[in-house]
Amino acid sequence: MTASPIAIPAFNDNYIWAFHQQDQCVVVDPGDAEPVERYLRENGLSLSALLITHHHPDHVGGVAALTKHRDIPVYGPAKESIPAMSHPLHEGDTITPAGTDLAFTIMEVPGHTLGHIAFINAAHNWLFCGDTLFAGGCGRLFEGTPAQMFHSLERLAALPEETLVFCAHEYTQANLTFAAAVTPNDSGVQARLQDVTERRNKGKISLPSSLAEEKATNPFLRSDNEEVKASCQRHEPGCGESDIQCFAALRRWKDNA
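The notes below deal with the structure included here.

About the thresholds
- Residues numbered from 1 in each chain as written.
- Predicted model: local features only at pLDDT ≥ 70, side-chain atom pairs only at ≥ 80, totals over all residues.
- Heavy atoms only, no water.
- Axes fitted to C-alpha atoms, helices over the stretch in contact; angles between N-to-C directions.
- Helix = DSSP H or I, 4+ residues; strand = E, 2+ residues; numbered from the N terminus.
- Parallel < 35°, antiparallel > 145°, perpendicular 65-115°, else oblique.
- Contact = heavy atoms within 4.5 Å.
- Buried < 20%, exposed > 50% of the residue type's maximum accessible area, 1.4 Å probe, protein only.
- Polar contact = N/O pair within 3.5 Å; in protein donor to acceptor, adjacent residues only side chain to side chain.
- Core = buried A, V, L, I, M, F, W, Y, C linked by side-chain atoms within 4.5 Å.
- Arc of directions from axis to C-beta.
- Left-handed = near helix turned anticlockwise from the far one by under 90°.
- Nonpolar A, V, L, I, M, F, W, Y, C, P; charged D, E, K, R; others polar.
- Pairing = 2+ DSSP bridges.

## Observations regarding the packing of helix α4 (residues 146-157) against helix α9 (residues 243-255)
- It is at 9 Å that the axes of α4 and α9 come closest, and there the two elements cross at 105°. As summarised for this structure, α4 and α9 are arranged roughly perpendicular, according to the angle between their axes. Contacts between α4 and α9 involve Pro146, Ala147, Met149, Phe150, His151 and Leu153 from the former and Asp243, Ile244, Phe247 and Ala248 from the latter.

Okay, here's the thing in structure tokens:
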């Protein structure tokens, strides 16, 4: 039996996702080893594999310690340098992480970094998307272009709407506050922001979200929405009218918010 992914908190706002079958546990983007080791001890689990979406330290910082005394596979993006990576992955690859019978398809989603990948399990509608798609937002463009990120998000948005979005940070409330500024007349955005605010005030996690929620309320997946476009034009006159230009203006707006 497969347990639903569990969020292991790390740093100020990171989530290290873990899922297991029987006593075999797979961990996604372990930026810190200590909380992972604690989770394994407390739940009587053995670490069987690591899945890495991209090279940033808050996603790979714990890899060396977790693999120092373990002979386990590390699956990661072939286009990036990942500590201890044993299985470099490309677009369209399919893996079954050690210790599980779960198949994941690899999607290359450049933008936040150039080699960023996502892990997709169609059977359970799981999406581990690192820092590409966030609940209510998307990642900053540290290496890629607006066009690259726009197309990566378009590809993720084409997945089934029941897909569960397991992103790597608790940014949801801030992202939806921005979304409400972009589309102040959107009752769906306002309702989601209120719900998330109430959950966070109670100390509850805001994740996972669903892709249906994201398509309805995340401005970075709604560059074709007329209210989003009009808002971008008011904020940055002359930014352009295409969907990609609107997306780029949104990203600049959020970066400077």
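## Comments concerning helix α1 (residues 33-43)
- Those residues of α1 lying buried are Ala33, Pro35, Val36, Tyr39 and Leu40.
- Considering only its buried residues, α1 is in contact with β1 (6-10), β2 (14-21), β3 (24-28), β4 (46-51) and α3 (63-67).
- Where α1 begins, one side-chain oxygen reaches toward the backbone nitrogen of Glu34, 3.4 Å away; that side chain belongs to Asp32.
- In the segment just after α1, Gly44 is the residue with positive phi, at about 60°.

## Some thoughts on the nonpolar core
- By size, the foremost hydrophobic cluster in this structure holds 51 residues, and its most contacted members are Phe19, Phe119, Phe128 and Leu156.
- What Leu156 contacts, discounting residues up to four positions off in sequence, is Met107, Val109, Ala118, Leu127, Cys129, Thr132, Leu133 and Leu211.
- Within the second largest apolar cluster, 20 residues are counted, among which are Ala18, Ala33, Leu45 and Leu66.

## Quick word on helix α8 (residues 226-235)
- Of the positions making up α8, those classed as buried are Val228, Lys229, Ser231 and Cys232. In an axial view of α8, the angular spread of the buried residues amounts to 165°, which keeps them on one side of the axis. More than 90 degrees from the buried face of α8, the exposed residues found are Glu226 and Arg234.
- Contact partners of the buried residues in α8: α5 (172-182) and α9.

## Side note on the environment of Tyr171
- For Tyr171, the location among the structural elements is in the loop between β13 (164-167) and α5.
- By relative accessible area, Tyr171 is classed as partly exposed at 29%.
- Sequence-distant contacts of Tyr171, defined by excluding residues within four places in its chain, comprise Asp13 and Phe134.

## As for the packing of α5 against α9
- Put simply, α5 and α9 touch, their axes get as near as 11 Å, and they point 120° apart. By the angle class used here, α5 and α9 are oblique. Two packed elements cross with a definite hand, and for α5 against α9 that hand is right-handed. Residues Ala174, Asn175, Phe178, Ala181 and Val182 of α5 form the contact with α9, whose own contacting residues are Leu250, Trp253 and Lys254.
- A class-by-class count of the residues in the contact of α5 with α9 yields six nonpolar, one polar and one charged.

## Examining the sheet that holds strand β8 (residues 104-108)
- Taken in spatial order, the six strands of this open sheet run β7-β8-β9-β10-β13-β14, and their pairing is mixed. Looking along the sheet, the strands with just one partner apiece sit at the ends: β7 (94-95) and β14 (209-210).
- Here β7 pairs with β8 via two bridges, running antiparallel. Along β8, the bridge assignment pairs Thr94 with Thr105.
- Across the sheet, α4 lies against β8, β9 (117-121) and β10 (126-130), angled at about 155° from β8, the strand it touches most.

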